[in-house]
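Report on the structure
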Amino acid sequence: MKKIGEYILPILRLLLIAIVMNCLLEILNGRSISELFAFASEKTIYFWLNALIIMLTLSIAGIFRIRYMLEFLVVFAWVTIGITNYIMLNFFRTAPMTAMDLKVVKNAILLLPNYFSGLQITWIIIGLLGLGFLLFKILKYLSIHHIPVSQRKRSGITVGLVSAFLGLLTIVPLYSEEGSEPVESVDLVENYENYGFTYSFADSLIGQGIEEPEGYSKEMVEQAWKHTKQEKQVTIKPNIIMIQLESVFNVERLLKKAGHEQALETYKELMDNYSSGALTVPVLGDGTANTEFEVLTGMSLDFFGLGEYPYNGILKEKAAESLAYNLKNYGYATYAMHNNIGEFYSRDVVYEQLGFDEFLSLEGMEDVEFNTLGWAKDKIYLDQIIERMGATSARDFIFAVSVQPHGKYPEEDPYGYYTSQLEEVDAFIEELIDVLDHHTEPTMLVLYGDHLPPLGLTEEDLRDGNLYATEYVIWSNYSMDHNDQDLITYELAAKVLDCAKLTYKNGPIAATHQQDLTEEERKERLHLFQYDMLYGDGYIFDEIATYSNENYHWKNK
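Counting restarts for each chain, with residues numbered from 1 along the sequence as it is written. In keeping with the model being predicted, local features are shown solely for residues with a pLDDT of at least 70 and side-chain atom pairs are shown and tallied solely at 80 or more, while totals for entire chains, interfaces and linings include all residues. To obtain the side-chain values, all non-hydrogen atoms of the structure were used and water was disregarded.

Some words on the overall build of the protein chain
Here a strand is any run of E in DSSP of at least two residues, a helix any run of H or I of at least four, and the numbering for each starts at the N terminus. Of regular secondary structure, the protein chain possesses 20 helices and nine strands. Burial here depends on accessible area, computed with a 1.4 Å probe over protein chains only, as a share of the maximum for the residue type. Under 20% is buried, over 50% is exposed, and the range in between is partly exposed. Per-residue burial over the protein chain gives 53% buried out of 557 residues. Counting contacts in the protein chain only where the partners sit at least 6 residues apart, residues at least 24 apart contribute 78% of the total. Calculation of accessible area relied on Shrake-Rupley with a 1.4 Å probe; when residues are assessed, cover is drawn exclusively from the protein chains displayed. Surface summary for the protein chain: the accessible area is close to 25,600 Å², and the carbon and sulfur share equals 57%. Here, two residues are considered to be in contact whenever any of their heavy atoms come within 4.5 Å of each other.

Here it is in structure tokens:
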């Protein structure tokens, strides 16, 4: 019995720590005590799976001589992740933390002045230095306590048992109460709510990239491209200006907060008179770059890992089909602009991979006005767009990312502040329309919102109950068919190409969207082309030219 106890007691000790840590992380992720008990009782297998993941990370420390120091570091790491997640949810955004957020720490530091005063940043630095010194002293003390070899052997058995049990739970399909296999959603909030913080965070760490399609081969790609037919129908090539409007949506959808309905008069008038519709976006309250990714590439994030940002991952390494590259096939000059820091979401690198000739970021803009929260006002784009259109003899594709209505909003009157920013954005749109309407070249303007604002909205606050819908509109200064249609963000670029009647020189992604396919056929083909282009063997480039950009310039000063 004593021998058995020597194995059982350490396991029970680690299990107890893991359960406590699991409960703490769930509470920090926004669960109340009652919600925590409901999760443990209704999603029992996931509650224990979360605890076992923490237990596994703790048990590995027991293999080493300095077990106590390593266990402390593991606990400290989980607590730090949990507290960081709590801070992010309560001060910066609505979606929980993922492993991919660790890649954007530099970006978060760059934006600190938009959220904190200089004095507050100073106190944050002092606090972090103090915490670092305390951590150093604790680790120094724990490092002198060594574990005998016999205990380390028992710890190795513990790791093996926990790993086997964990593997059993993950290999054997996990079934819901109805007996069906759970399907993970790209909705972070839904995943974390259904499967727990630790499981979802771990999934976001190890589940990145696109899974290889079944039967993937050169012949499979060739056949898919062969059946992606294209028809030539160019009649006129317009300039195309596309503006991604930060946190913009039709506030008339709100059931409450009456009195703010007139914030977007021009924008709503455009939607009434030109091709428009609801736009289903992949994010809520933040995650701008993922809406941008789907719009520019036509690729679906459904095939990527949980919480993945392709801008901070694969697109820093590989070029991909994009609206810019497709328009280059028709002789367009391509230009991107963003009235914020150019390095944020690695845009300074990614825009080269997506085929833009030039990128103008905030650092290269002059006479910029800022709002009370420190975000650049969007009217800076007016002169920039006109200047760019006059700088080339070719047709222009100009892609701009707005930032003015960015949160987090003042606590005393968040709706009042938000709608005041919408009014200024709307005034900018009205002025831009007036200028483009008198432009001598045929020009198309595409406007869309990247996500709903971080106002703590729920489904009950909206008339349509859809937290993942904004709106888009396609205006032109020449006669164009009026065709209202609800879209998903990855369908918008193909819609723009259709409206411009550019349908025969497009890459496989855009061409797939322009085909008359069933939803299942389209998803299969998108999966195949996305994987082959970004993670596979690139068989498609035996059929089409590779994407390369030799003349890219980042205008940041």
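There is more to say after this.
A short note on the sheet that holds strand S2 (residues 275–280)
Should DSSP find at least two bridges between two strands, the strands are taken to pair. Read across the open sheet, the nine strands follow the order S8-S2-S7-S6-S1-S5-S3-S4-S9; overall the sheet is mixed. Every interior strand has two partners, whereas the edge strands, strand S8 (487–488) and strand S9 (553–555), have only one. As defined by bridge partners, strand S3 (residues 333–338) adjoins strand S5 (residues 396–401) across six bridges and the pair is classed as parallel. When the bridges of S5 are listed, His338 appears paired with Val401. Here the axes come from fitting lines to C-alpha atoms, over the contacting stretch only for helices, and the angles between their N-to-C directions go from 0 to 180 degrees. Packed on one face of the sheet, helix H13 (residues 288–297) meets strand S1 (239–245), S5 and strand S6 (443–449) and runs near 160 degrees to S5.

Let's talk about a nonpolar patch on the surface
On the surface, Ile83, Tyr86, Ile87 and Phe91 cluster together into a nonpolar patch covering about 350 Å² of accessible area. Structurally, the position occupied by Ile83 is in helix H4 (residues 67–92). Among the residues examined, Ile83 registers a relative accessible area of 40% and is labelled partly exposed. Two distance rules govern patches: like charges are joined within 9 Å, and nonpolar side chains (Val, Leu, Ile, Met, Phe, Trp, Tyr) within 5 Å, applied only to residues with over 30% relative accessible area and no salt bridge. Whenever Lys or Arg places a side-chain nitrogen within 4 Å of a carboxyl oxygen from Asp or Glu, that contact is recorded as a salt bridge.

Structural notes on the nonpolar core
In this structure, Tyr311, Tyr351 and Phe397 are the most contacted members of the largest nonpolar core, which totals 90 residues. At six residues, the largest contribution of residues to this core is made by helix H20 (residues 519–534). When neighbours within four sequence positions are excluded, Phe397 is seen to be in contact with Ile240, Met242, Leu296, Leu323, Ala324, Leu327, Tyr332, Ala333, Thr334, Tyr335 and Phe356. In this text, buried Ala, Val, Leu, Ile, Met, Phe, Trp, Tyr and Cys residues form a nonpolar core when linked through side-chain atoms within 4.5 Å. Counting residues in each nonpolar core, the second largest holds 51 residues, with Val251, Ile433, Leu447 and Leu462 among its members.

Let's talk about the side chain of Glu26
Its location among the elements puts Glu26 in helix H1 (residues 2–28). In this structure Glu26 comes out as buried when scored by relative accessible area, which is 0%. Within the structure, the side chain of Glu26 is placed 2.6 Å from the backbone nitrogen of Phe197, a separation counted as a polar contact. For the purposes of these results, a polar contact is taken to be a pair of N or O atoms within 3.5 Å, where, inside protein, one atom must be able to donate a hydrogen and its partner to accept one; residues adjacent in sequence count only when each atom of the pair is a side-chain atom.

Details of the environment of Val251
Tracing the chain through its elements places Val251 in the loop between S1 and helix H12 (265–273). Of the residues examined, Val251 reaches a relative accessible area of 5% and is grouped as buried. Sequence separation between Val251 and Lys268 is 17 residues, and the spatial gap between their C-alpha atoms is 10.0 Å.

What to know about the pairing of S1
Counting buried residues along S1, seven of its seven residues qualify, which places the element largely inside the surrounding structure. Neither face of S1 is open: one carries Asn239, Ile241, Ile243 and Leu245, the other Ile240, Met242 and Gln244, and all of them are buried. As paired strands, S1 and S6 are joined by seven bridges and run parallel to one another. Its bridge partner being in S6, Met242 is matched across the sheet by Val446. The pairing of S1 with S5 spans five bridges and is classified as parallel. Bridge pairing in S5 places Ile243 opposite Ala400.

Quick word on the environment of Asn273
Mapped onto the elements, Asn273 comes out in helix H12. Residue Asn273 is classed as partly exposed on the basis of its relative accessible area of 46%.

A short note on the pattern of salt bridges
The final tally for this structure, using the stated rule, is 13 salt bridges. With its nearest N and O atoms 2.5 Å apart, the salt bridge here joins Glu26 to Arg31. The two residues Glu26 and Arg31 agree in class, both being buried. Close ionic contact of Glu441 with Arg395 constitutes a salt bridge, the shortest N to O distance being 3.8 Å. Of this pair, Glu441 sits in the loop between helix H17 (414–437) and S6 while Arg395 sits in the loop between helix H16 (380–391) and S5, and the two are 46 residues apart along the sequence. For Arg395, a relative accessible area of 23% translates into the label partly exposed. Each of Lys218, Glu222 and Asp542 takes part in salt bridges that share partners, so that together they form one network.

Some points on the packing of aromatic side chains
Stacked, edge-to-face and tilted are the three classes for Phe, Tyr and Trp ring pairs, Trp counted by its six-membered ring, which pair at centre distances within 6.5 Å; planes under 30 degrees apart are stacked, over 60 edge-to-face, the rest tilted. What the rule picks out here adds up to 28 aromatic pairs. Pairing Tyr195 with Tyr199 gives two aromatic rings, centres 6.0 Å apart and planes at 70 degrees, and the pair type is edge-to-face. By way of ring pairs, the aromatic residues Tyr351, Phe356, Phe359, Phe397, Phe399 and Trp554 are connected into one cluster. By definition, being over a ring means that NZ of Lys or CZ of Arg is both within 6 Å of the ring centre and within 35 degrees of the ring normal. The ring of Phe39 has Arg31 lying over it, and the distance from NZ or CZ to the ring centre is 4.1 Å.

Let's talk about unusual backbone geometry
Going from Gly407 to Lys408, the amide bond is cis rather than trans, its omega being 10 degrees. Within the element layout of this structure, Lys408 appears in the loop between S5 and H17. Of note, Asp367 is a non-glycine position whose phi angle comes to about 60 degrees, a positive value. Under the relative-accessibility criterion, Asp367 is labelled exposed at 74%. At Lys501, a position not held by glycine, the phi torsion is positive, near 60 degrees. Position of Lys501 among the secondary structure elements: in the loop between helix H18 (492–499) and helix H19 (508–513). With a relative accessible area of 30%, Lys501 lands in the partly exposed category.

The quantities given are spatial measurements derived from coordinates; they are silent on function.
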